Structures are given as C-alpha cells and as structure tokens.
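A look at the structure
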Amino acid sequence: NAGVTQTPKFRILKIGQSMTLQCTQDMNHNYMYWYRQDPGMGLKLIYYSVGAGITDKGEVPNGYNVSRSTTEDFPLRLELAAPSQTSVYFCASSFVAGFEQYFGPGTRLTVT
Amino acid sequence: GQQLNQSPQSMFIQEGEDVSMNCTSSSIFNTWLWYKQDPGEGPVLLIALYKAGELTSNGRLTAQFGITRKDSFLNISASIPSDVGIYFCAGQLYYGGSQGNLIFGKGTKLSVKP
C-alpha cells in the first residue's frame, strides 16, 4: 500500500516557467489537499477537492490551479512561476473533511 | 484566518526527559490531530482525538483533547534521540469555519541539547 505519492521530489524552475506537481493516493479517499510549507510558517492550504470533478480554493490559491478527474489523482499546476512560489509542497488525502489526513513525501520547488 | 497557537516554538531535549507541548485557540474544535515531521519528509499522523476530554496514548506519546474544546496537549515520556523533529497540531473548527478543513499550528521543533 503506497499511500500518497508525489512527483517530482525536487525541481528548479526559472521565473515564468510552468509545471505540474503530481499527486496520487491509493486509499480510495474522497478528499485531497495541496499545502505549501514555508520555513517556520506551518502548512497553508492551497486547494482541496471533495471528490472527482469538485475542487475549491484554500487559503493561498493565487498562482495555482488544480483538477480532479479521478479519485486517485490530484495534480497541482503552477503557471508563470514566481520566486514567491519557492516552497515545499505537500499533497494529502482523507476519508472525510476534518478527519485524519495522510501526507505525501513532498516536492521541494525552487523558482529562480 | 483562524489561528492555532502552538507552544513552545522550539525546545531542546536531553535523552530520558519528558516533553510537553500544547495548542490553544479562542475557537472551539471538533477534532485535534498531532503530527510529526522529520527533515525532508511529509508529516506523519501520531494521534487523533475526536471527543472533548479524550486522552489517547501511542507508545510513549500521550495526547488530550481539552475539556473546553479549545486546546490540546501532547506529552512525550522518556524522550529518545529519534524524537527530534517538528510536531504539528491540527484541528477542525466546530462551527465549520475554514470550510471544515484542518487548521495547522506552526509547529514545535524538538532538538537535542548540545
């Protein structure tokens, strides 16, 4: 049982480039989440999804987009990368909102 | 947005010592969760609490859901070197704020005493 997997593990982007961070879970969870973690700042919710075809904004959605075409996958898209998007990105999933969330290993992104 | 106040921000441990940390808020919570994050890894769930007053243990870890529903603490007994890392509390607001999603504290960083 892999749980939540994320790719890539590391990435360096130039300003203005775009990329997609991949997230897959094999626990048949309805809810999936994208967070960013900046040093000393905890986890901030970017987007979340309550099921296939349904997504909604979290606390810090600007500069990101998501889609949820299947229960398993929840990719995060960065368009026109900016230095402010340098961060560690975590994907998580849960059975229901407010319930135990399980995290992937993270993607460390640097925008220069 | 809603705030969880987690303290202390950091602490140093000596092997064998007991450790205590807590999270407080001015709002009422349905759920309290405690996570540990090792360097370069994602947070790992340690303990989940769903009922006011609930006291739950996981090995040397004990956590409690405060009776007022506004706080939670985590204790680690007889600490060992592998306890170092960042500990996060997280909770779901009782009144459905933040769209029912978890709110995270900023973390307590445990390091080994030099």
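So, a few notes on the structure that sits alongside this text. (Residues numbered from 1 in each chain as written. Chains lettered and ligands numbered in written order. Predicted model: local features only at pLDDT ≥ 70, side-chain atom pairs only at ≥ 80, totals over all residues. Heavy atoms only, no water.)

Before going further, it helps to examine the layout of surface pockets. Where empty space is left can be seen by rolling a probe of water-molecule size over the atoms. By volume, the largest pocket amounts to about 620 Å³. Taken together, 34 residues form the lining of the largest pocket, with Gln37, Pro39 and Arg108 of chain A together with Gln37 and Ile86 of chain B sitting closest to its centre. When residues of the lining of the largest pocket are traced back to their parent elements, those giving at least two are strand S9 (87-94) and strand S11 (107-111) of chain A together with strand S9 (85-93) and strand S11 (108-112) of chain B. Take the lining of the largest pocket: its biggest share by element is four residues, from S11 of chain A. The residue inventory of the lining of the largest pocket, partitioned by class, reads twelve nonpolar, 15 polar and seven charged. (1 Å grid on protein atoms, 1.4 Å probe; cavity = no way out; pocket = protein on both sides within 12 Å on 5 of 7 lines; lining within 4 Å. Points joined across faces, edges and corners; volume = space filled by probe spheres on them. Helix = DSSP H or I, 4+ residues; strand = E, 2+ residues; numbered from the N terminus. Nonpolar A, V, L, I, M, F, W, Y, C, P; charged D, E, K, R; others polar.)

With that out of the way, let us pick up the interface of chain A and chain B. Between chain A and chain B, the residue contacts involve 22 residues of the former and 20 residues of the latter. Of the roughly 1600 Å² buried between chain A and chain B on both sides combined, carbon and sulfur atoms contribute 54%. Along the contact surface separating chain A from chain B lie zero salt bridges. Inspection of the chain A/chain B interface yields four residue pairs in polar contact (both at pLDDT 80 or more). When residues of the side of chain A that touches chain B are traced back to their parent elements, those giving at least two are strand S4 (31-37), strand S5 (43-51), strand S6 (54-57) and strand S10 (102-103) of chain A. Split into classes, the residues belonging to the side of chain A that touches chain B amount to twelve nonpolar, six polar and four charged. (Contact = heavy atoms within 4.5 Å. Buried area = accessible area lost by both parts, 1.4 Å probe. Salt bridge = Lys/Arg side-chain N within 4 Å of Asp/Glu carboxyl O. Polar contact = N/O pair within 3.5 Å; in protein donor to acceptor, adjacent residues only side chain to side chain.)

Under the definition given, this model contains two disulfides over all chains. Through a disulfide, cysteine 23 of chain A is tied to cysteine 91 of chain A; the S-S separation comes to 1.8 Å. Negative torsions about the S-S bond denote left-handed disulfides, and the value of about -70 degrees found for cysteine 23 of chain A with cysteine 91 of chain A makes this one left-handed. Pair noted here: cysteine 23 of chain A is in strand S3 (residues 19-25) and cysteine 91 of chain A is in strand S9, with a separation of 68 residues, a long-range link. An identical accessibility class is assigned to cysteine 23 of chain A and cysteine 91 of chain A; each is buried. Across the disulfide from cysteine 23 of chain B sits cysteine 89 of chain B; the S-S distance is 1.7 Å. Its torsion about the S-S bond being -80 degrees, the disulfide of cysteine 23 of chain B and cysteine 89 of chain B is classed as left-handed. A residue pair is termed long-range when its members are at least 10 positions apart, and cysteine 23 of chain B in strand S3 (residues 19-24) and cysteine 89 of chain B in strand S9 qualify at 66 residues. Overall, the relative accessible area of 0% leaves cysteine 89 of chain B in the buried class. (Disulfide = S-S within 2.5 Å. Buried < 20%, exposed > 50% of the residue type's maximum accessible area, 1.4 Å probe, protein only.)

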